[in-house]
Amino acid sequence: NRHLARGPRARLLAENIRDLALAVSGLLNPEIGGPSVKPYQPAGLWLESGTQHSYIQDKGDKLYRRSLYTFWRRTLPPPSMTIFDAPTREYCTVRRSRTSTPLQALVLMNDPQFVEAARVLAESLVREFPDDPESRVRKAFRLLTSQQPTPEQLALLRDHLATEKSDHAKAPDLARAFLESNGESPIDTSLPLAEVAATTSLIRLLFGFSETVMKP
């Protein structure tokens, strides 16, 4: 990139970040065209905001359509998009602002859409590398950042994965509740619970890594 282009680093747009998570997990629905869809959103938000409408969440593949097809209420856009500086569409915006706030990290680590994407990707990695946590870390890092981890990054992430595995193995009921409470895609019960939960935590950590959401 040093030889081909120059320019400042910039965070991906709100829609791009959500689509990235869905794409790397394999959840993204590539269907083109059709009506708007209503993915995950906090319950009761429209009513509490005085819109006099109820938000009825879609089911199945509609939850994983590209963000281009997400239904927008002009005065109340999807909150996860707003946190990443998507405009309200009450007026024309020539160029979006780009802020950096703690709420953005909370969305990347805790929003149901991102936790579900992390869990689905974790299941895929555990199937591919059942007894090789280092390869699991390498592939997850490569998928999310388009880079290979440095030796220091690899060591830190490998230790994090081992710690999370140990913690989840001690509390399997909590690990299962965590995995089952985020998202509607089915869970692969044939995989080791502690491995999936630990790898999910690893990917949630990588979602918040600057190299994942920044465009060089």
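Details of the structure are given in the entry above.
These remarks concern the structure in this document. (Residues numbered from 1 in each chain as written. Predicted model: local features only at pLDDT ≥ 70, side-chain atom pairs only at ≥ 80, totals over all residues. Heavy atoms only, no water.)

## A look at the packing of helix α5 (residues 112-128) against helix α9 (residues 193-207)
Logical step 1: Relative to each other, α5 and α9 sit at 125°, their axes nearing to 8 Å. Here α9 runs oblique to α5, going by the angle between their axes. For the pair α5 and α9, the crossing hand works out as right-handed. Contact residues: α5 offers F114, V115, A117, A118, R119, L121, A122, E123, L125 and V126, while α9 offers E195, V196, T199, T200, I203, R204 and F207.
Logical step 2: Residues of the contact of α5 with α9, tallied by class, amount to 11 nonpolar, 2 polar and 4 charged. (Axes fitted to C-alpha atoms, helices over the stretch in contact; angles between N-to-C directions. Helix = DSSP H or I, 4+ residues; strand = E, 2+ residues; numbered from the N terminus. Parallel < 35°, antiparallel > 145°, perpendicular 65-115°, else oblique. Left-handed = near helix turned anticlockwise from the far one by under 90°. Contact = heavy atoms within 4.5 Å. Nonpolar A, V, L, I, M, F, W, Y, C, P; charged D, E, K, R; others polar.)

## Structural notes on the packing of aromatic side chains
Logical step 1: Enumeration according to the criterion identifies 2 aromatic pairs in this entry.
Logical step 2: Ring geometry for F141 and F209: centres 5.8 Å apart, planes at 45°, overall tilted. Taken together, the positions of F141 in helix α6 (residues 133-145) and F209 in the loop between α9 and α10 (210-213) put the pair 68 residues apart, joining distant regions of the chain.
Logical step 3: F141 sits in the buried class, given a relative accessible area of 1%.
Logical step 4: For F209, a relative accessible area of 25% translates into the label partly exposed.
Logical step 5: Lying across the ring of F71, K38 places its NZ or CZ 4.9 Å from the centre. (Phe/Tyr/Trp six-rings, centres within 6.5 Å; stacked < 30°, edge-to-face > 60°. Buried < 20%, exposed > 50% of the residue type's maximum accessible area, 1.4 Å probe, protein only. Lys NZ or Arg CZ within 6 Å of the ring centre and 35° of its normal.)

Any functional reading would require information that these geometric values do not contain.
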